[in-house]
Amino acid sequence: GLDQHFSDFVGRVIVSPNKFVDLLYKTRIDKDSFDSRRTEIGAVAGPRSFRASVDYIFFDATEEFPDDREEIFLGASSDLTNTWTLSANTRRDLAPSGSTLSYGGSLTYHCDCLEFEINYRRTFTRDRDVKPDETIFIRLNLKSLGELGTTVF
């Protein structure tokens, strides 16, 4: 929609009934027909020592993508110490084939001055000129100076 003056409507609602549970709803609504184009419902639960997350994502068919799509995203993270966090995730297609779309993980160090993250991601998506990809991303965020990021592999 960069060639138009208005984009679709997007919205997000997060409900946190306590410190161990976050509930999420996101949507994208077509600006002309008011049809829902994307719906995401998710939850994150658990203490910082081990948090699990699940997201159900539904994409309505559009001219660009003629078929409806359903996906599920599963993730887990654990604060190993006060400064180190380990996380892993996977995204799967809920079509009859049930294929894995991506998986990955990260190790993050954070303190008052900086945040350093090593992130690995493997994607299996194939579409026209998009091919499966494997990425290692290193991110350094100097909290008083800004963010620097570099793709290494």
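Residues numbered from 1 in each chain as written. Predicted model: local features only at pLDDT ≥ 70, side-chain atom pairs only at ≥ 80, totals over all residues. Heavy atoms only, no water.

> Please clarify how the overall build of the protein chain should be interpreted in this entry.
Of regular secondary structure, the protein chain possesses zero helices and ten strands. Along the protein chain, helices and strands appear, N-terminal first, in the series β-β-β-β-β-β-β-β-β-β. Accessible surface for the protein chain amounts to roughly 10900 Å². Of this, 58% is attributable to carbon and sulfur atoms. (Helix = DSSP H or I, 4+ residues; strand = E, 2+ residues; numbered from the N terminus. Areas by Shrake-Rupley, 256 points an atom, 1.4 Å probe, with all protein chains shown as cover.)

> I tried to follow the environment of valine 44 on my own but got confused; where do I start?
When you line up the elements, valine 44 lands in strand β3 (residues 36-45). Linking valine 44 and alanine 76, residues 32 residues apart in sequence, is a C-alpha distance of 9.0 Å. When near neighbours in sequence (up to four residues on either side) are disregarded, valine 44 contacts Phe20, Val21, Asp22, Arg51, Ala52 and Ser53. (Contact = heavy atoms within 4.5 Å.)

> Just to check I follow, could you spell out the packing of aromatic side chains for this structure?
Evaluation of the coordinates by the stated rule reveals four aromatic pairs. Judged by centre distance (6.0 Å) and plane angle (10°), the ring pair of phenylalanine 9 and phenylalanine 34 falls under stacked. Of the two residues, phenylalanine 9 is situated in strand β1 (residues 9-18) and phenylalanine 34 in the loop between β2 (21-29) and β3; the sequence distance between them amounts to 25 residues. By relative accessible area, which is 45% here, phenylalanine 9 ends up partly exposed. (Phe/Tyr/Trp six-rings, centres within 6.5 Å; stacked < 30°, edge-to-face > 60°. Buried < 20%, exposed > 50% of the residue type's maximum accessible area, 1.4 Å probe, protein only.)

> Could you clarify how one ought to interpret the side chain of aspartate 55 in this entry?
As for its placement among the helices and strands, aspartate 55 is situated in strand β4 (residues 51-59). Notably, aspartate 55 is buried but unbridged: the nearest opposite-charge side chain belongs to arginine 91, and the N-O separation is 6.3 Å. (Lys, Arg positive; Asp, Glu negative; His and termini not counted. Salt bridge = Lys/Arg side-chain N within 4 Å of Asp/Glu carboxyl O.)

> Can you help me understand the side chain of glutamate 117 in this one?
For glutamate 117, the position within the fold is in strand β8 (residues 114-123). Separated by 3.4 Å, the side chains of glutamate 117 and asparagine 119 make a polar contact. Among residues more than four places away in sequence, those in contact with glutamate 117 are Ser106, Leu107, Thr108, Phe137, Ile138 and Arg139. (Polar contact = N/O pair within 3.5 Å; in protein donor to acceptor, adjacent residues only side chain to side chain.)

> I would appreciate a short explanation of the pairing of strand β6 (residues 84-93) in the present structure.
For a regular strand, the rule is simple: side chains alternate between the two faces of the sheet. Pairing of strand β5 (residues 69-79) with β6 involves nine bridges; the strand directions are antiparallel. Within the sheet, the bridge partner assigned to aspartate 79 lies in β6 and is threonine 85. Linking β5 to β6, which pair antiparallel, is a turn of four residues. Where β6 and strand β7 (residues 100-110) come together, nine bridges link them in antiparallel fashion. In the strand pairing of β7, asparagine 89 is matched with glycine 104. Here β6 folds back onto β7, and the loop between the two strands holds six residues, one of which, glycine 98, carries a positive phi near 60°. (Pairing = 2+ DSSP bridges.)

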